[in-house]
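Residues per chain are reported as follows:
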Amino acid sequence: MQFSYVNPTVIHFGQGQIGQISQAIPANAKVLVIYGGGSIKHNGVYDQVSAALQGHDWLEFSGVEPNPTKETLDKAVAIVKQQGVDFILAVGGGSVIDGSKYVAAAARYDADGWDILIGKHEVSAAVPLGAILTLPATGSESNSGAVITKAETQDKLAFLSPFVQPVFAVLDPDTMKTLPEKQLINGIVDAWVHTCEQYLTLPTGAMVQDGYAEALLKNLLTLGEQYAERDNDAWRANLMWTANQALNGLIGSGVPHDWATHMIGHELTALYGVDHGRSLAIVQPSLMRNQIELKRAKLEQMGRNVFGLAAGADLAERTIDAIEAFYLSLGVATQLTEHGGDKASAIDAVIQQLQKHGMVALGESEAITLEHSRAILTQAIA
Ligand code: NZQ
Ligand code: ZN
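Cut-off values and rules
Residues numbered from 1 in each chain as written. Chains lettered and ligands numbered in written order. Predicted model: local features only at pLDDT ≥ 70, side-chain atom pairs only at ≥ 80, totals over all residues. Heavy atoms only, no water. Phe/Tyr/Trp six-rings, centres within 6.5 Å; stacked < 30°, edge-to-face > 60°. Helix = DSSP H or I, 4+ residues; strand = E, 2+ residues; numbered from the N terminus. Buried < 20%, exposed > 50% of the residue type's maximum accessible area, 1.4 Å probe, protein only. Lys NZ or Arg CZ within 6 Å of the ring centre and 35° of its normal. Donors = N, O, S within 2.8 Å, 3.2 Å for Na, K, Ca; no water. Domains from an automatic or database assignment. Contact = heavy atoms within 4.5 Å. Polar contact = N/O pair within 3.5 Å; in protein donor to acceptor, adjacent residues only side chain to side chain. Nonpolar A, V, L, I, M, F, W, Y, C, P; charged D, E, K, R; others polar. 1 Å grid on protein atoms, 1.4 Å probe; cavity = no way out; pocket = protein on both sides within 12 Å on 5 of 7 lines; lining within 4 Å. Points joined across faces, edges and corners; volume = space filled by probe spheres on them.

*Asks:* I would appreciate a short explanation of the packing of aromatic side chains in the present structure.
*Replies:* Two descriptors summarise a pair of aromatic rings, namely the distance from one centre to the other and the angle between the planes of the rings. What the rule picks out here adds up to eight aromatic pairs. Each ring, one from Tyr-35 and one from Tyr-46, has its centre 5.7 Å from the other, and the planes form 65 degrees; the classification is edge-to-face. Placement of the pair is Tyr-35 in strand β2 (residues 30–35) and Tyr-46 in helix α2 (residues 45–52), with a sequence separation of 11 residues. With respect to class, Tyr-35 is no different from Tyr-46; both count as buried. Where Trp-192 meets Phe-326, the ring centres are 4.7 Å apart and the plane angle is 45 degrees; that geometry is what we call tilted. With Trp-192 in helix α6 (residues 181–197) and Phe-326 in helix α12 (residues 315–329), this pair connects stretches of sequence that are 134 residues apart. In this structure an aromatic cluster arises from ring pairing among Trp-192, Phe-307, Phe-326 and Tyr-327. Its guanidinium or amino end placed over the ring of Tyr-46, Lys-41 lies 4.6 Å from that ring's centre, counting from NZ or CZ.

*Asks:* Is there a simple way to think about the coordination of the zinc ion (ligand 2) in this case?
*Replies:* Octahedral metals with six donors have ideal donor angles of 90 or 180 degrees. Tetrahedral metals with four donors have an ideal donor angle of 109.5 degrees. Distances from the zinc ion (ligand 2) to its protein donors, Asp-190 (OD), His-194 (NE2), His-262 (NE2) and His-276 (NE2), fall within 2.0 to 2.1 Å. We note that the donor set of the zinc ion (ligand 2) lies within a single chain, spaced as D-x3-H-x67-H-x13-H. Here His-194, found in helix α6, pairs with His-262, found in helix α9 (residues 260–272); they are 68 residues apart in sequence, far enough to count as distant. Given the relative accessible area of 3%, His-194 is considered buried. Taking relative accessible area as the criterion, His-262 reaches 4% and is therefore assigned buried.

*Asks:* Just to check I follow, could you spell out the domain arrangement of the protein for this structure?
*Replies:* Where interface size is given, it is often the accessible area lost as the parts come together that is meant. Domain boundaries in the protein define domain 1 (10–175) and domain 2 (181–380). Placing a centre on the C-alpha atoms of domain 1 and another on those of domain 2 gives a separation of 26 Å. Domain 1 puts 24 residues into the contact, and the matching count from domain 2 is 23 residues. Here domain 1 is connected to domain 2 by eight residue pairs in polar contact (both at pLDDT 80 or more). Broken down by secondary-structure element, the contributors of at least two residues to the side of domain 1 that touches domain 2 are β1 (10–13) and β7 (155–160). Top contributing element to the side of domain 1 that touches domain 2 by residue count: β7, with three residues. The residue makeup of the side of domain 1 that touches domain 2, split by class, is 10 nonpolar, nine polar and five charged.

*Asks:* In this structure, what is going on with empty space enclosed by the protein? I would like to understand it.
*Replies:* It is a probe the size of a water molecule, rolled over the atoms, that shows where empty space is left. Applying the stated criterion across every chain, the model contains one cavity of 30 Å³ or more. Within this model, the largest cavity holds a volume of roughly 40 Å³. Here the lining of the largest cavity takes three residues from helix α7 (residues 207–225), the largest share from any one element. Residues of the lining of the largest cavity, tallied by class, amount to six nonpolar, three polar and two charged.

Quick look at the structure:
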């Protein structure tokens, strides 16, 4: 174990916390409020934001779509540049927060913001941003990552920069009350897979990271089992805090990371429009079966400590079955069906995109070559 760790995002957690933004945003800042397709207009969040920003000079940009595109976001970049915006407030789910991170960084760069995603420009400055989270899933509200799509070429790529880490995040579980069931379930799956990406790798004996990851996984399993309780304050608060902790840097400190499920999943979203969480449930069980020998020890540990399975030579196999059963219990499919019926062409299309994006040696052991990705997709695509 060797790492430097800081999470500088101030979290304001709990009911009624949106009002905190009036203090958290500098009084003299010119603020751009960025949001999505309008859900915040139907649950009182927009009204709370307007009330809290009464003393501020602010303007707004709406229409950030799920899986945000650079084409849309570049319009907000132009506003920030033209209007001299010096603080961005993202109000929404992971897409709005990720999109705001792109806007924050691209507005402090003189050429095409897409350069950030292809590694041509390393972010060295960004407009400071804060977030009001309305969908617990990605952890974007207190991490330094963002995933952006270029619609024109169906490229969905990620970037990381400490400059775009939100300075504060408001997590008010009441904002979840209007979430469609599908999004609520997507959030459970996404948080689950984030934990797995940092845990289901190689044994390291990192007791804090493993133990905390197991606690988060058990929470998600319990929240899934208690799904009928989802209108209860404690259920909502526990999901919101668990999803945040799953990708805020802590459990990933000083341990190997996988992220192959995410990289292959991003291609399914870019090509076939599958929701992010659902893309992960499609890829992960097949990927685990493909990588079972490298991951056997951690799968066995998960089987024992998270699912409470009995010892045995096939414990790792039974753990993967339990993960898949968890998704199915939530009504989430574990095979891709949205590909228009031509399985062979779909596999080829995904492999081509993986190759184009340099995703040719994925996973903690870099063992997932295109050949393995092809085998995984053969199982994962119906
Ligand atoms: O746009 P609005 O109208 O707000 O509606 C959204 C959207 O249609 C709706 N929604 C959000 N909060 C709501 C609500 N509807 C009613 N009530 C509320 N309280 O939900 C829909 C989906 O929102 P979206 O932000 O797309 O979902 P999510 O939070 O799952 O974000 C997914 C995006 O995050 C990226 C994904 O790739 C995807 O693009 N990720 C970002 C990560 C990060 N930055 O660390 C890591 C993740 O692995 C992930 O890749
Ligand atoms: Zn994710």
